[in-house]
Amino acid sequence: MTRKATLTRAQFEDRLFGVLRWFVIAFFAVITVAPFYYMVLLSVKPIDALLLDPGSLWVSAKDFTLSTYRDVLKSTDDGGQGFVKFLLNSALVSIGTVILTLLAAVPGAYAVSRLKFFGHRQVSALFLAVYLFPATLLAVPLFVIFAKLGLSSSLVGLAIVYVAQTVPVAIYMLKNYLVTIPPSIEEAAAIDGAGRLQTVRKVILPLALPSLMATGLYVFMIAWNEFLFALLFLAADPEKWTVSLGLAQLSNGVEVPKTILMAGSVVLTIPVVLLFFAAERMLTEGLTSGADKS
Amino acid sequence: MTTAPVGAPKRRHTGPGSAIRSADRRRRPMTAGRRANRAGLAFVSPTFVVVLVVVILPILWTVLLAFQHAKLVDIQGMGLLGNWSLDNFTQVFDSAGFWSSLGTTLLYTAGATLGSVVLGLIAALALRKPFRGRGLLRAAMLLPYVAPVVAVAFVWEVALSPQYGVVNDWGHRLFGWDNPIAFLSTREYQVDLLGAHFGIPLALLTVIAFECWRYFPFAFLFILARLQAVPAGLEEAATVDGATLTQRFRHILLPQLMPVIALLCVLRFIMTFNKFDDVYLLTGGGAGTNVAAVRVYDFLTARYDVGAAAAQALVLAASLMILLGFYFTFFGNKVQEES
């Protein structure tokens, strides 16, 4: 189609953006990966090496150390920071949250996607209203109520708050998947004499397994990463700290070297990132299903 | 014939009213619509109960608290309805930092929303066509969003530190910065540009940049999903008609993407407006980054003034709703038409 030697506007744009595109891709690769590289890099250096040459982008073999991790993970009795305990607390809260959220969200999402009940249109709007209010607004009364119930500085109380924070998005994700399952499958089950609960358990749940996993994973990530409520409810009791909270408190501590802080950050980040990479495709599809139809 | 077994198991879940109605039911089988209605209500009730107890009731209580004198120490013994007053609100509106804090919150929210959506759009366009390593890069680009906020905030803090940060060190090497820049604690950074002398709110800009960085993957993910659903034929037809790349973007892709972009803007605006962790962890609300959510936290933990904190939070939620109201009256219809 090149009739003239000079570029047409279309050709010029194709070439310009063809080149620009690679710069953009490189730019995004750097800004997303570099901070994580930096985090791991600092976590395996002694603090002296960092202070001596703050700009160095690698670690020399003689400086390489894992003592930062030893210090972070060792229990406080042995003079460490006790992160193993925090990891356990975080895991308990997050897994508890996932189970409770799914238990509540599966029937909820099923109802919203399938059943015409009184108020079924308003339900989604109501649940999304949860996110309209600042979490700090909820924090005040929840703090007082939990103190009265003896649930403050307890992991159970924290998990209940997380469930309320994650149930709306879980319902949203599951619903988007459930509407894609043809109703005729359920009708077939009903004709074969299955009750509603039976249909949900034996027909819908197996079919929705990918979406269940994606939703559970997303909920896990929210619970694992949460900071504000952990800070408000658990700050007084170091035995109950989650990893996020433990790390934040570590940074307030006197004379904690930044390299140890980075080792703590790595410990906090690794479980989430591993889970994420294990199920990345499933998760992104679960999150955005429905978005491409809007 | 099948009505009894289908209806029976869920009766247990229908709450107090079911005993009366089930007597009625034995005489006449329920219609499918009524059964669906009951099952639906039963199925949403666990969620509803959790949200009611942990979200709705606390919000209502906050509203009450905002109109009372309430300090954290005496709130335990207080009845639900105490001595009413508007003192908290006069205190909130009169206090020196309130209006500037609201202004900061708006700047922060608008900047972070726009920035993250625009970055996400650019990233989605760049990664639209397949290339080697695209899947891996796509996953890597979601890292800032999935990583814990505490960890990434500390990485930024260390990297931007004036004493041992990598950014200042390389700034010195590459651009010859004379003095290290304290990104997170400089309220006004003085710049001399082409003879003009002015200050930029450096700490606030840094926090906005952090927010853009952390949330552009969210926008990226949704825009990319929508991009891939755009039918290829549309663009091919436009290419055949001689439309250039920018024209195809402006007149074909953008209109297709507009609904999802509008939705993302609203979502990000709400989330960022209420955001607490990011600013608290990066600057603690100092150096001109005192956003409203951090202020509420300070009222609560530094002064133990529950009433004032509740009033402040309520004003915050009200301003957000007014803004959203404006948005939906002016743009809501347009978005609906397009979708």
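Conventions adopted
- Residues numbered from 1 in each chain as written.
- Chains lettered and ligands numbered in written order.
- Predicted model: local features only at pLDDT ≥ 70, side-chain atom pairs only at ≥ 80, totals over all residues.
- Heavy atoms only, no water.
- Helix = DSSP H or I, 4+ residues; strand = E, 2+ residues; numbered from the N terminus.
- Rg over C-alpha atoms; globule rule 2.2 N^0.38 Å.
- Buried < 20%, exposed > 50% of the residue type's maximum accessible area, 1.4 Å probe, protein only.
- Contact = heavy atoms within 4.5 Å.
- Areas by Shrake-Rupley, 256 points an atom, 1.4 Å probe, with all protein chains shown as cover.
- Disulfide = S-S within 2.5 Å.
- Patch = residues over 30% accessible without salt bridge, like charges linked within 9 Å, V, L, I, M, F, W, Y side chains within 5 Å.
- Salt bridge = Lys/Arg side-chain N within 4 Å of Asp/Glu carboxyl O.
- Core = buried A, V, L, I, M, F, W, Y, C linked by side-chain atoms within 4.5 Å.
- Expected span 1.5 Å × (residues − 1).
- Bend = angle between axes of the 7 residues up to and from the residue.
- Buried area = accessible area lost by both parts, 1.4 Å probe.
- Polar contact = N/O pair within 3.5 Å; in protein donor to acceptor, adjacent residues only side chain to side chain.
- Nonpolar A, V, L, I, M, F, W, Y, C, P; charged D, E, K, R; others polar.
- pLDDT = per-residue confidence, 0-100.
- Axes fitted to C-alpha atoms, helices over the stretch in contact; angles between N-to-C directions.
- Parallel < 35°, antiparallel > 145°, perpendicular 65-115°, else oblique.
- Phe/Tyr/Trp six-rings, centres within 6.5 Å; stacked < 30°, edge-to-face > 60°.
- Lys NZ or Arg CZ within 6 Å of the ring centre and 35° of its normal.

Enquirer: Could you clarify how one ought to interpret the overall build of chain A in this entry?
Expert: Helix and strand counts for chain A come out as 14 helices and 0 strands. Scanning chain A from its N terminus toward the C terminus, one meets helices and strands in the order α-α-α-α-α-α-α-α-α-α-α-α-α-α. A globule of 294 residues ought to have a C-alpha radius of gyration of about 19 Å, yet chain A, at 25 Å, is considerably larger. Dimensions of chain A, computed from C-alpha atoms along their principal axes, come out at roughly 80 × 75 × 35 Å. Expressed as a percentage of its 294 residues, the buried residues of chain A come to 52%. Pairs at least 24 apart in sequence give 70% of the contacts found in chain A among residues at least 6 apart. Of the roughly 13700 Å² of accessible surface on chain A, a fraction of 69% belongs to carbon and sulfur atoms.

Enquirer: Sorry, what's going on with the overall build of chain B here?
Expert: A count of helical and extended segments in chain B gives 15 helices and 2 strands. Across the 339 residues that make up chain B, the buried fraction comes to 50%. Counting only contacts in chain B whose residues sit at least 6 apart along the sequence, the fraction spanning at least 24 positions is 62%. Carbon together with sulfur atoms contributes 66% to the accessible area of chain B, which is approximately 16100 Å² in total.

Enquirer: Please explain the state of the cysteines as it appears in this structure.
Expert: Note: disulfide means a covalent bond formed between the sulfur atoms of two cysteine side chains. Residues and elements named next belong to chain B. Following the criterion strictly, the structure yields 0 disulfides over all chains and no others. C212 forms no disulfide, and the closest cysteine sulfur to it belongs to C265, at a distance of 12 Å. Overall, C265 belongs to the partly exposed group, its relative accessible area being 25%.

Enquirer: Please clarify how a nonpolar patch on the surface should be interpreted in this entry.
Expert: Together, L7(A), F12(A), L16(A), F17(A), V19(A), L20(A) and F23(A) line one region of the surface with nonpolar side chains, adding up to about 640 Å² of accessible area. Mapped onto the elements, L20(A) comes out in helix α1 (residues 9–43).

Enquirer: Would you explain the nonpolar core in this entry?
Expert: Among soluble globular proteins, nonpolar side chains are generally buried collectively. Of all hydrophobic cores here, the largest spans 179 residues; its most connected members are F229(A), F233(A), V150(B) and F220(B). It is helix α10 (residues 202–229) of chain B that contributes the most residues to this core, 17 residues altogether. In contact with F233(A), not counting residues within four places along its chain, are L142(A), F143(A), F146(A), S152(A), S153(A), L158(A) and V161(A). Formed by 8 residues, the second largest nonpolar core is a distinct cluster that contains V266(B), I270(B), A292(B) and L320(B).

Enquirer: Is there a simple way to think about helix α6 (residues 135–149) of chain A in this case?
Expert: Along an α-helix, residues three or four apart share an orientation, since each turn contains 3.6 residues. Residue and element names in this part refer to chain A. Look at α6: 20 Å from first C-alpha to last across 15 residues, which is about the 21 Å you get at 1.5 Å a residue. Along α6, the helix axis deviates most sharply at P141, where the bend reaches about 25 degrees. Positioned one or two residues after α6, G150 has a phi angle of 70 degrees, which is positive.

Enquirer: What should I look at first to understand the interface of chain B and chain A in this one?
Expert: Interface size is commonly expressed as the accessible surface area that is lost when the partners come together. With 96 residues of chain B in contact, the opposing surface of chain A contributes 97 residues. Around 8400 Å² of area is buried between chain B and chain A when both sides are counted, 79% of it from carbon and sulfur atoms. It is F43(B), V146(B) and Y164(B) in chain B that bury the most area against chain A; as a group they hold 8% of the surface buried on that side. At the junction of chain B and chain A, the tally comes to 0 salt bridges. Run the count over chain B and chain A and you get 10 residue pairs in polar contact (both at pLDDT 80 or more). Among the elements that line the side of chain B that touches chain A, the one with the most residues is helix α3 (residues 32–66) of chain B, at 22 residues. Here the side of chain B that touches chain A is composed, by residue class, of 74 nonpolar, 14 polar and 8 charged.

Enquirer: What should I look at first to understand the pattern of salt bridges in this one?
Expert: Where side chains of opposite charge bring their charged atoms close, a pairing between them can arise. Applying the stated criterion across every chain, the model contains 7 salt bridges over all chains. A salt bridge links R9(A) to E13(A); its shortest N-O distance comes to 3.1 Å. Placement of both R9(A) and E13(A) in helix α1 is noted, with a separation of 4 residues, approximately one turn of the helix. A residue is classified by how much of its surface remains accessible, and R9(A), at 48% relative accessible area, is partly exposed. Note that E235(B) and R248(B) form a salt bridge whose closest N and O atoms lie 3.9 Å from each other. Of the two residues, E235(B) sits in helix α11 (residues 232–240) while R248(B) sits in helix α12 (residues 245–273), which places them 13 residues apart along the sequence. Neither E235(B) nor R248(B) differs from the other in exposure class; each is buried.

Enquirer: Can you walk me through the confidence of the model for chain B in this structure?
Expert: Note that predicted coordinates carrying low pLDDT should not be read in detail. Residues and elements named next belong to chain B. On average, chain B scores 79 in pLDDT, and the residues at 70 or more come to 84%. With pLDDT under 50 throughout, residues 1–19 is counted as low confidence; its partners more than four residues away or in other chains account for 18 contacts. Overall fold confidence (pTM) sits at 0.84, and the ipTM for the predicted complex is 0.86.

Enquirer: Please clarify how the packing of α1(A) against helix α8 (residues 149–159) of chain B should be interpreted in this entry.
Expert: Helix-helix packing is described using two parameters, namely the angle between the two axes and the distance between the axes. Following both chains from N to C, one finds α1(A) and α8(B) inclined at 80 degrees, their axes separated by 10 Å at the closest point. As judged from the angle between their axes, α1(A) and α8(B) are roughly perpendicular. Judged by residue contacts, P35(A), F36(A), Y38(A), M39(A) and L42(A) of α1(A) engage A151(B), V152(B), V155(B), V158(B) and A159(B) from α8(B).

Enquirer: Looking at this structure, how should I read the side chain of K45(A)?
Expert: Within the element layout of this structure, K45(A) appears in the loop between α1 and α2 (47–52). Apart from the residues within four sequence positions on either side, K45(A) is in contact with S56(A), W58(A), V59(A), D63(A), T65(A), T68(A) and T259(A).

Enquirer: Even after reading the chapter, I still don't get the packing of aromatic side chains, so can you show me in this structure?
Expert: In this description, a pair of aromatic rings is defined by centroid distance and the angle of the planes. Scanning the entire structure with this criterion turns up 22 aromatic pairs over all chains. With centroids separated by 5.1 Å and ring planes inclined at 70 degrees, the aromatic side chains of Y280(B) and Y297(B) adopt a geometry described as edge-to-face. Linking Y280(B) in helix α13 (residues 277–282) with Y297(B) in helix α14 (residues 292–302), this pair joins segments that are 17 residues apart in sequence. Using a relative accessible area of 10% as the deciding quantity, one classes Y297(B) as buried. An aromatic cluster of at least three residues, connected via ring pairs, comprises F36(A), W156(B), F210(B) and W213(B). One Lys or Arg, R173(B), reaches over the ring of W170(B) and ends 4.6 Å from the middle of that ring.

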